[in-house]
Amino acid sequence: MNNAQKKTLKAHAHHVKSFISLGNSGITPNFIKEVIQTINAHELIKIKIMGETKEIKQQLAQEISSLTESEFIQIIGNQATFFKLNPEKNKYNI
């Protein structure tokens, strides 16, 4: 994904609310299943990652991206944004 596409998704993500929160139990199989279902339905999602340092949030976001085969877009505060193209929907023309 190139920088122009990421910039477009960041603009769209501004209006997206968090669907999922990453809690104390961390990245579990059920959490990944929920993320996959949500991202397949909505393409662009935010996940709230609570109570960690910025570096740990980055690592967690990269791991979520890898496990869900999605694109990690950005992290601002506690909100990590992810995108996965759904060819049947393609709401964002990416």
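Our subject in this report is the structure included herewith. (Residues numbered from 1 in each chain as written. Predicted model: local features only at pLDDT ≥ 70, side-chain atom pairs only at ≥ 80, totals over all residues. Heavy atoms only, no water.)

## Observations regarding the environment of S18
Within the fold, S18 resides in strand β1 (residues 18-22). Taking the C-alpha atoms as reference points, S18 and T81, 63 residues apart in sequence, are found 8.8 Å from one another. (Helix = DSSP H or I, 4+ residues; strand = E, 2+ residues; numbered from the N terminus.)

## Notes on the sheet that holds strand β3 (residues 71-76)
Across the sheet, 4 strands lie side by side as β1-β2-β4-β3; this open sheet has mixed pairing. At either end of the open sheet lies a strand with only one pairing partner, and these are β1 and β3. If you compare each strand with its neighbour and ignore which way they point, the axes differ by 25° on average. Note: β3 against strand β4 (residues 79-83), 5 bridges, orientation antiparallel. (Pairing = 2+ DSSP bridges. Axes fitted to C-alpha atoms, helices over the stretch in contact; angles between N-to-C directions.)

## A word on helix α3 (residues 54-68)
Counted at 1.5 Å a residue, the expected span for α3 with its 15 residues is 21 Å, and the 21 Å between its end C-alpha atoms agrees. If you check which residues of α3 are buried, you get K57, L60, A61, I64, S65 and T68. Looking down the long axis of α3, one finds its buried residues gathered within 140° of arc, a one-sided arrangement. Across α3 from its buried face, at more than 90 degrees, point the exposed residues E55, Q59 and S66. (Expected span 1.5 Å × (residues − 1). Buried < 20%, exposed > 50% of the residue type's maximum accessible area, 1.4 Å probe, protein only. Arc of directions from axis to C-beta.)

## A look at the pairing of β1
As paired elements, β1 and strand β2 (residues 44-49) share 4 bridges and run parallel to each other. Each residue of the ladder has a partner; that of L22, found in β2, is I49. Taken together, β1, helix α2 (residues 29-42) and β2 form a β-α-β motif whose crossover is right-handed. (Right-handed = clockwise from strand over helix to strand, strands pointing away.)

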